[in-house]
Amino acid sequence: MRKHAGKALLALIVVLLITGACFAEELYPGENTLAEAARKEKGLNSYDTGPTWANWQALFDGFEKRYGIQITWNDLGSGATVVRLDKERNNPQGDTAYYFMPSGDAARERGVTEPFKPVNFDLIPAELKDPDGNWFCIHKATVVFVINKNLVKETPKGWQDLLSPKYSKSVVYLDPRTAGIGYAIVIATTYAHGGDLDHLDKGIDYLAALQKSGNVRMIEKTTEFDKFVKGEIPIWITYDMNAYRARYIAGLGDAIDIVIPGEGTITAPYAISLVKGGPNPNAGKLWLNYILSSEGQGLFAKGFVRPILPGFEMPADVADKFLPASDYARAKDVDWVKAQKVQKEAAALWGSKVLGEN
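These numbers were taken from a predicted model, which means no experiment stands behind them.

Draft legend 1. Looking closely at empty space enclosed by the protein. As enumerated under the stated definition, the model contains two cavities of 30 Å³ or more in all. A volume near 130 Å³ is recorded for the largest cavity. What lines the largest cavity is a set of 14 residues, among which Asp-48, Trp-53, Asp-75, Gly-77 and Thr-223 lie closest to the centre. Partitioning the lining of the largest cavity into residue classes produces six nonpolar, six polar and two charged. What the second largest cavity holds in volume is close to 30 Å³. Around the second largest cavity, the lining residues are Thr-52, Ala-54, Asn-55, Met-241, Asn-242, Arg-245, Ile-249 and Gly-303.

This is how it looks when you write it as structure tokens:
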């Protein structure tokens, strides 16, 4: 009898481990109740959270370990994510959608987001969230250059340097029509050349000159992290979080240089939303709460991604590896809600001037 009782107890323990036991110490009030409801659904579909971007893999691992819920993801790019949500509005497939902040507001305008205020919502600065919770920022990043010193003999120090013939077929960046970082680069080059959100032609004219110089190797559609790590990209215009990840996590070390352009750059926030009518709404809410919990924000920090919560302390072993604060002083914040209003016009102008499209 004791033998059978022991087996039954062991089986119960295994079931609890698989389905997820209640936590004696919740990350936030109500976590256990929400997790129980989420486990009755069919997993979680997280749009545009490629695992090599923003340390998402660490958050996937942490979420799945804590709750036993499998995450399915894709890597579309911010603009493409909004387009897909719009196409799927009558049969939503995603539960959450992540994007460059202006795209979050664009998704709200199209009516494809669901208002939800996750844990720590009140701590997010007002300008970095929709007041109803249709989107809210979760981290931020700064536009930088990352240089593979095995392919480039002399490290460029600023935007003007990239126009030099010595960097022929060397520069790679993402398409501003489909990816948030691409649009962030348009804005960064604009401010570096004396423009602003009312004069984005300043940055687009520069990118047109860069294209005409023959120094652009490729304009990519989605994240090119793996290509850079493999040594296929000499100069990558990207975010600092990708640069530090390449140096310290992918192991490239001193083989790369990280540069905040001398003429200036910008810092860009990224947002996320609950998808309206998503197939797994409780799992979606659980995921968003996890991202903004102390554990989720800490996992961003460990991957060199700056958390959005004010005063969140970066781990010492991470903070010590960032470029000096004096370099970051060259990075501007901009009005991202206004940036969303002019994004479509900027994308069309970029296509016309840089690629010669009608």
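Draft legend 2. Region of the structure containing unusual backbone geometry. The backbone of Asn-120 shows a phi angle near 70 degrees, a positive value even though the residue is not glycine. As for its position among the elements, Asn-120 is in the loop between β4 (113-114) and β5 (136-148). Note on Asn-120: relative accessible area 26%, which makes it partly exposed.

Draft legend 3. Seen up close, helix α7 (residues 201-212). The end-to-end C-alpha separation of α7 is 16 Å, in line with the 16 Å expected for 12 residues at 1.5 Å each. Buried positions along α7 lie against β6 (171-174), α6 (180-192), β7 (216-220) and α15 (343-355). Just beyond α7, the residue with positive phi is Gly-214, at close to 85 degrees.

Draft legend 4. Up close: the packing of aromatic side chains. A complete count under the given rule lists 26 aromatic pairs for this structure. Measuring from ring centre to ring centre gives 5.0 Å for Phe-100 and Trp-336, while their planes differ by 70 degrees; the resulting arrangement is edge-to-face. Here Phe-100, found in strand β3 (residues 96-100), pairs with Trp-336, found in helix α14 (residues 336-341); they are 236 residues apart in sequence, far enough to count as distant. Judged on exposure class, the residue Phe-100 and its partner Trp-336 are both buried. Where Phe-228 meets Trp-236, the ring centres are 5.2 Å apart and the plane angle is 35 degrees; that geometry is what we call tilted. Look at Phe-228 and you get buried, because its relative accessible area is 0%. For Trp-236, a relative accessible area of 0% puts it in the buried group. The residue whose ring lies beneath Lys-129 is Phe-121, and the NZ or CZ to ring-centre distance is 4.5 Å. Over the aromatic face of Phe-225 sits the side chain of Arg-245, whose NZ or CZ is 5.2 Å from the ring centroid.

Draft legend 5. Summary view of the pattern of salt bridges. Using the criterion set out here, one finds 18 salt bridges in the structure. Across the pair Arg-177 and Glu-357 runs a salt bridge, and its minimum N-O distance is 2.9 Å. Residue Arg-177 is found in the loop between β6 and α6, and its partner Glu-357 is found in the segment after α15; the two are separated by 180 residues along the sequence. Judged by relative accessible area, Arg-177 falls into the partly exposed class, the value being 31%. Put simply, Asp-105, Arg-108, Glu-109 and Lys-341 are held in one network by salt bridges that share partners.

Draft legend 6. Up close: the packing of helix α3 (residues 56-67) against helix α10 (residues 281-292). Interhelical geometry of α3 versus α10 gives an angle of 120 degrees and a closest axis separation of 11 Å. On the basis of their axis angle, the class for α3 and α10 is oblique. Judged by the sense of rotation from one axis to the other, the crossing of α3 with α10 is right-handed. The segment α3 lies against α10, with Trp-56, Leu-59, Phe-60, Gly-62, Phe-63, Arg-66 and Tyr-67 engaging Ala-283, Leu-286, Trp-287, Tyr-290 and Ile-291. By residue class, the composition of the contact of α3 with α10 is 10 nonpolar, one polar and one charged.

Reading guide: rules and limits
Residues numbered from 1 in each chain as written. Predicted model: local features only at pLDDT ≥ 70, side-chain atom pairs only at ≥ 80, totals over all residues. Heavy atoms only, no water. 1 Å grid on protein atoms, 1.4 Å probe; cavity = no way out; pocket = protein on both sides within 12 Å on 5 of 7 lines; lining within 4 Å. Points joined across faces, edges and corners; volume = space filled by probe spheres on them. Nonpolar A, V, L, I, M, F, W, Y, C, P; charged D, E, K, R; others polar. Helix = DSSP H or I, 4+ residues; strand = E, 2+ residues; numbered from the N terminus. Buried < 20%, exposed > 50% of the residue type's maximum accessible area, 1.4 Å probe, protein only. Expected span 1.5 Å × (residues − 1). Contact = heavy atoms within 4.5 Å. Phe/Tyr/Trp six-rings, centres within 6.5 Å; stacked < 30°, edge-to-face > 60°. Lys NZ or Arg CZ within 6 Å of the ring centre and 35° of its normal. Salt bridge = Lys/Arg side-chain N within 4 Å of Asp/Glu carboxyl O. Axes fitted to C-alpha atoms, helices over the stretch in contact; angles between N-to-C directions. Parallel < 35°, antiparallel > 145°, perpendicular 65-115°, else oblique. Left-handed = near helix turned anticlockwise from the far one by under 90°.

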